[in-house]
Amino acid sequence: MDLFSSSWTALLTAVAGLADEDFERPSGCAGWLVRDLVCHLVIDAQDVLITLVTPADSEPTRDAVTYWAVTQTRPTGDDPLDALMVRLAAAYEEPWLLKFHLDDVGSAAGRAARLADPGLRVSTQDEVLTAGDYLSAYVLEWTLHHLDLVARLPGVAGPPAETLAGARALLEKIAGAAFPESFSDRDALLVGTGRRAPTDAESARLGALSAKLPMVLG
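Residues numbered from 1 in each chain as written. Predicted model: local features only at pLDDT ≥ 70, side-chain atom pairs only at ≥ 80, totals over all residues. Heavy atoms only, no water.

**Remarks on the overall build of the protein**
For step 1, the next point in the chain: Counting secondary structure elements, the protein contains 8 helices and 4 strands.
For step 2, the next point in the chain: Element order for the protein, N to C, with α for helix and β for strand: α-α-β-α-α-β-β-α-α-α-α-β.
For step 3, the next point in the chain: Computed over its C-alpha atoms, the radius of gyration of the protein comes to 17 Å, within 12% of the 17 Å expected for a compact globule of 218 residues.
For step 4, the next point in the chain: Expressed as a percentage of the 218 residues in the protein, the buried residues total 46%. (Helix = DSSP H or I, 4+ residues; strand = E, 2+ residues; numbered from the N terminus. Rg over C-alpha atoms; globule rule 2.2 N^0.38 Å. Buried < 20%, exposed > 50% of the residue type's maximum accessible area, 1.4 Å probe, protein only.)

**Let's talk about a nonpolar patch on the surface**
For step 1, the next point in the chain: Together, Leu81, Leu84 and Leu88 line one region of the surface with nonpolar side chains, adding up to about 260 Å² of accessible area.
For step 2, the next point in the chain: Tracing the backbone shows Leu81 in helix α3 (residues 80-91).
For step 3, the next point in the chain: Judged by relative accessible area, Leu81 falls into the exposed class, the value being 60%. (Patch = residues over 30% accessible without salt bridge, like charges linked within 9 Å, V, L, I, M, F, W, Y side chains within 5 Å. Areas by Shrake-Rupley, 256 points an atom, 1.4 Å probe, with all protein chains shown as cover. Salt bridge = Lys/Arg side-chain N within 4 Å of Asp/Glu carboxyl O.)

**Things to note about unusual backbone geometry**
For step 1, the next point in the chain: For the bond running from Leu213 to Pro214, omega is -5°, close enough to zero to count as cis.
For step 2, the next point in the chain: With respect to the element layout, Pro214 can be found in the loop between α8 (200-206) and β4 (216-217).
For step 3, the next point in the chain: Phi angles above zero are rare outside glycine, and Glu93 is one such case at about 65°.
For step 4, the next point in the chain: Checked against the element boundaries, Glu93 lands in the loop between α3 and α4 (95-115).
For step 5, the next point in the chain: The exposure class assigned to Glu93 is exposed, which follows from its relative accessible area of 70%.
For step 6, the next point in the chain: The phi torsion at Gln125 lies on the positive side, around 50°, for a residue other than glycine.
For step 7, the next point in the chain: Among the secondary structure elements, Gln125 is positioned in the loop between β2 (121-124) and β3 (127-130).

**Concerning the nonpolar core**
For step 1, the next point in the chain: Phe4, Trp8, Val48, Tyr134, Leu149 and Phe179 are the most contacted members of the largest nonpolar core, which totals 63 residues.
For step 2, the next point in the chain: Of all elements in the fold, only α1 (2-16), α2 (34-52), α3, α4, α5 (131-150), α6 (161-175) and α7 (185-192) reach the threshold of two or more residues within this core.
For step 3, the next point in the chain: Residue contributions to this core peak at 12 residues, all from α5.
For step 4, the next point in the chain: When near neighbours in sequence (up to four residues on either side) are disregarded, Leu149 contacts Leu11, Ala14, Val15, Leu18, Val34, Leu37 and Val38. (Core = buried A, V, L, I, M, F, W, Y, C linked by side-chain atoms within 4.5 Å. Contact = heavy atoms within 4.5 Å.)

**Looking at the pattern of salt bridges**
For step 1, the next point in the chain: Under the defined criterion, the tally for this structure stands at 11 salt bridges.
For step 2, the next point in the chain: The partner of Glu127 in a salt bridge is Arg62, and the shortest N-O contact between them spans 3.3 Å. Taken together, the residues Glu127 in strand β3 and Arg62 in the loop between α2 and β1 (70-71) connect sequence positions 65 residues apart.
For step 3, the next point in the chain: The network of salt bridges with shared partners includes Arg186, Asp187, Arg196 and Glu202.

**A look at a negative patch on the surface**
For step 1, the next point in the chain: A surface patch of negative charge is lined by Asp20, Glu21, Glu93 and Glu94.
For step 2, the next point in the chain: Within the fold, Glu21 resides in the loop between α1 and α2. (Lys, Arg positive; Asp, Glu negative; His and termini not counted. Charge placed at Lys NZ, Arg CZ, Asp CG, Glu CD.)

**Side note on the packing of α1 against α5**
For step 1, the next point in the chain: Their axes nearest at 8 Å, the elements α1 and α5 cross at an angle of 25°. One element, α1, and the other, α5, form an angle in the roughly parallel class. As for how α1 packs across α5, the hand of that crossing is left-handed. Across the interface between the two elements, Leu3, Phe4, Ser7, Trp8, Ala10, Leu11, Ala14 and Val15 from α1 touch Leu135, Tyr138, Val139, Trp142, Thr143, His145, His146 and Leu149 from α5.
For step 2, the next point in the chain: Classifying every residue of the contact of α1 with α5 gives 12 nonpolar, 4 polar and no charged. (Axes fitted to C-alpha atoms, helices over the stretch in contact; angles between N-to-C directions. Parallel < 35°, antiparallel > 145°, perpendicular 65-115°, else oblique. Left-handed = near helix turned anticlockwise from the far one by under 90°. Nonpolar A, V, L, I, M, F, W, Y, C, P; charged D, E, K, R; others polar.)

Below, the structure is given as structure tokens:
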């Protein structure tokens, strides 16, 4: 729960500090500008709010690891939902409107997460998780998208060290294997999820794990 708050607060703070021209720069998500990514974060925050107030009576069907659908197909930006996000983001017209909406909905999502009982069973996408597992899964979501946000913005602070480490630990559980110790947490996340290709030296150190990469999470 603490990592959720840390990762989300850092991401909201980074967006709040962006200059208007930053919204027109490419993000680390294929086909998306920074403004499109920020619009996606608004939708994510809404999902968190909806899920935390959608209790379930049945036993959990997923946890923080199995929450993710994993493929090796990199996104191209041509998916209809991805294209919809571009149109939604453009409708805001002014960056301050996007900032305002994300701060408004995002702050509410953060408060809801802090107030949630970790053992509460919640429902999302026809699956049941504990709130604790659901929020733990989102540490990976927030951290990856924070890396996407700063991919072409070298002057903007990236994710905190503790959330990078927490996200890497979860990604390793999803992979069923650890990344080499020589990989920084940031590089493990970028290479592991296909956000950048490994160098020849990194590929050699990855060994059998390279056959599982990239792990594209959905």
